[in-house]
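Descriptive analysis of the structure
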Amino acid sequence: MKWGRKLEANTLRKVEGSLFIAPWVFGFLTFVAFPLGYSLYMSFHQVKITVSSVNYSFIGLQHYREILIANGSLLYEELLPFLKESAMMIPIILVFSLLVAILLNLRFPGRTLFRVVFFLPVIFSSGQIVQEFIAQGEGSLSIMETLRIDYYLREYVPAGWAAPIQKVMSSFVLVLWYSGVQILIFLAGRQTLPASVYEASRIDGSGPWNTFWKITLPGLVPYIFLNLMYTVVDLFTFPSNPIISRVNTTNYGSSSALAWIYFTIILTFVLFVLALYSRVDKSISGKR
C-alpha cells in the first residue's frame, strides 16, 4: 500500500512538472524549432514568392558554395575583421565589468546610485540607438587624436589588425555600455563569497592584492565563464555586425544559408568556451 502511494506521488510530481514545462515546450516547438527547421529547408532551395503561393526549387548546396567559395567577400572581408574586433572587445568588457563589480561591492555613500548608473545603458541602449551613435562618431576617446594613436596603429601594427583595433577604440565608450549585465552578474557572484573567508585572510595577514588573486578571482571563475558566454553571444548581435543586415527577405534561400553558416560559427565559439571552462574547472578542482 505504501509503495503504491509512493508511486502515485512520484507520478503526480512528474505530471505537475510536465504541466509547468508544457508552455515552454509548446513555445519552443512553435516559435523556435519550426522556424529553424523551415529556414534550414529553405537554405537548400531557391525560393520564389508569387501572389498565390511560394515555390521551392531544390538546388542542394548551391547557396552554401556561393557564400563560402564563389562569393566569400562577406565572410572573409567583412566578418573576419568583425571577429577580430570581438576578440578585442570581449576581454575589455570582462575586465572592466569585473573591476567595476568589485568596486560597487564596497561600502561607500551613493553606492546604489552608482549601481543604477552603470546598469542604465542596458535599458536605454537599443541596437538602433547604438547604431546612430556609431554613425555620428560618438563614443570615441579624445586621447586617440591627441596622442595620434591612429597614426601609430597604421605604422607599426599589421594592416589586418590595425583597422579592427582602430574601430574598437573609436567606439570604446559604446563597448563599455555592453558591460551592464556582466557587472550585475559579477556583483551577484561576489556577494556569494562568504565574508568569513575574507575575515580569516585578514587575520592571517593577507593584503588586498593576495586576497583578490587567492580568494576573489578563483571564486568568480564560474561567473567569469558565464559572462564570457553571454558576451560572446551578445557581441554576435552587435549593431556593427555585417551579417545582421545581410540576413533579410531579399533572397530567402541565400539568407537562410547565411544564417545557418553564421549559427555554426557562433556554436563553434560557444563550444570552445565550454571546453575551456571544463578544463579550467578541472584544474581548479585538482588544486583544491
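How each quantity is defined
- Residues numbered from 1 in each chain as written.
- Predicted model: local features only at pLDDT ≥ 70, side-chain atom pairs only at ≥ 80, totals over all residues.
- Heavy atoms only, no water.
- Helix = DSSP H or I, 4+ residues; strand = E, 2+ residues; numbered from the N terminus.
- Buried < 20%, exposed > 50% of the residue type's maximum accessible area, 1.4 Å probe, protein only.
- Contact = heavy atoms within 4.5 Å.
- Areas by Shrake-Rupley, 256 points an atom, 1.4 Å probe, with all protein chains shown as cover.
- Phe/Tyr/Trp six-rings, centres within 6.5 Å; stacked < 30°, edge-to-face > 60°.
- Core = buried A, V, L, I, M, F, W, Y, C linked by side-chain atoms within 4.5 Å.
- Expected span 1.5 Å × (residues − 1).
- Bend = angle between axes of the 7 residues up to and from the residue.
- Pairing = 2+ DSSP bridges.
- Axes fitted to C-alpha atoms, helices over the stretch in contact; angles between N-to-C directions.
- Parallel < 35°, antiparallel > 145°, perpendicular 65-115°, else oblique.
- Left-handed = near helix turned anticlockwise from the far one by under 90°.
- Nonpolar A, V, L, I, M, F, W, Y, C, P; charged D, E, K, R; others polar.
- Polar contact = N/O pair within 3.5 Å; in protein donor to acceptor, adjacent residues only side chain to side chain.
- Patch = residues over 30% accessible without salt bridge, like charges linked within 9 Å, V, L, I, M, F, W, Y side chains within 5 Å.
- Salt bridge = Lys/Arg side-chain N within 4 Å of Asp/Glu carboxyl O.
- Arc of directions from axis to C-beta.

Helix and strand counts for the protein chain stand at 15 helices and two strands. Out of the 288 residues belonging to the protein chain, those deemed buried represent 30%. A separation of at least 24 residues holds for 71% of the contacts in the protein chain among residues at least 6 apart in sequence. Within the structure as shown, the protein chain displays about 18,700 Å² of accessible surface, and the carbon and sulfur contribution to it stands at 67%.

Taken as a whole, this structure holds nine aromatic pairs when the rule is applied. When the ring of Phe34 is compared with that of Tyr38, the centres are 5.9 Å apart and the planes differ by 5°; the resulting orientation is stacked. Taken together, the residues span about one helical turn, with Phe34 and Tyr38 both in helix H1 (residues 2-42) at a distance of four residues. Residue classification places Tyr38 among the partly exposed positions, given a relative accessible area of 33%. Look at Trp209 and Trp213: their rings are 5.7 Å apart centre to centre, the planes differ by 70°, and that puts the pair in the edge-to-face class. On the criterion of helical spacing, the pair formed by Trp209 and Trp213 is a turn pair, its members being four residues apart in helix H12 (residues 208-219). Ring-pair connections join several aromatic residues into one group, and the members of that group are Phe34, Tyr38, Tyr41 and Tyr56.

Residues Leu79, Leu228, Ile243 and Tyr262 are the most contacted members of the largest nonpolar core, which totals 29 residues. Top contributing element to this core by residue count: helix H3 (residues 73-104), with nine residues. Among residues more than four places away in sequence, those in contact with Tyr262 are Leu79, Phe82, Phe236, Asn241 and Ile243.

Let's shift gears to H3. Counted at 1.5 Å a residue, the expected span for H3 with its 32 residues is 46 Å, and the 44 Å between its end C-alpha atoms agrees. At Leu79, H3 shows its largest kink, close to 35°, and the proline Pro81 lies no more than four residues downstream.

In this section: the pairing of strand E1 (residues 45-49). The side chains of a regular strand alternate between the sheet's two faces. Pairing analysis gives five bridges linking E1 to strand E2 (residues 54-58), with the strands arranged antiparallel. Residue pairing in the sheet places Ile49 in a bridge with Val54 of E2. Between E1 and the antiparallel strand that follows it, E2, lie four residues.

Turning next to the packing of helix H10 (residues 180-192) against helix H13 (residues 221-235). In the contact formed by H10 and H13, the axes pass within 10 Å of each other and the chain directions differ by 165°. The angle between H10 and H13 falls in the class roughly antiparallel. For the pair H10 and H13, the sense of crossing is right-handed. On H13, the residues that touch Val181, Gln182, Ile185, Phe186, Gly189 and Thr192 of H10 are Tyr223, Ile224, Leu226, Asn227, Tyr230 and Thr231. Tallied by class, the residues present in the contact of H10 with H13 amount to seven nonpolar, five polar and no charged.

Attention now moves to the side chain of His63. Note that His63 resides in helix H2 (residues 62-70). In terms of polar contacts, His63 uses its side chain to reach the backbone carbonyl oxygen of His45, at 3.1 Å. If sequence neighbours within four positions are ignored, His63 has contacts with Met42, Ser43, His45, Gln46, Asn251, Gly253, Ser254 and Ala257.

What follows concerns the packing of helix H11 (residues 195-203) against H12. Following both chains from N to C, one finds H11 and H12 inclined at 150°, their axes separated by 11 Å at the closest point. Overall, the two elements H11 and H12 adopt an arrangement that is roughly antiparallel. Two packed elements cross with a definite hand, and for H11 against H12 that hand is right-handed. Mapping the contact onto sequence places Val197, Tyr198 and Ser201 in H11 and Thr211, Ile215 and Thr216 in H12. Among the residues forming the contact of H11 with H12, the class breakdown is three nonpolar, three polar and no charged.

Turning our attention to a nonpolar patch on the surface. A contiguous nonpolar surface patch, about 780 Å² in accessible area, is contributed by Ile21, Trp24, Val25, Phe28, Leu29, Phe31, Val32 and Leu36. Relative to the helices and strands, Leu29 is located in helix H1.

The subject of this paragraph is H12. Among all positions of H12, only Thr211, Phe212, Ile215 and Thr216 are buried. Down the axis of H12, the smallest arc covering the buried residues is 125°, so these residues share one side. Set apart from the buried face of H12 by more than 90 degrees, the exposed residues are Trp209 and Lys214. Where H12 is buried, its residues contact H3, H10 and H11.

Tracing the backbone shows Val197 in helix H11. Relative accessible area serves as the criterion here: at 36%, Val197 is assigned to the partly exposed category. Put simply, Val197 and Thr211 are 14 residues apart on the chain and 9.6 Å apart in space, counted from C-alpha to C-alpha.

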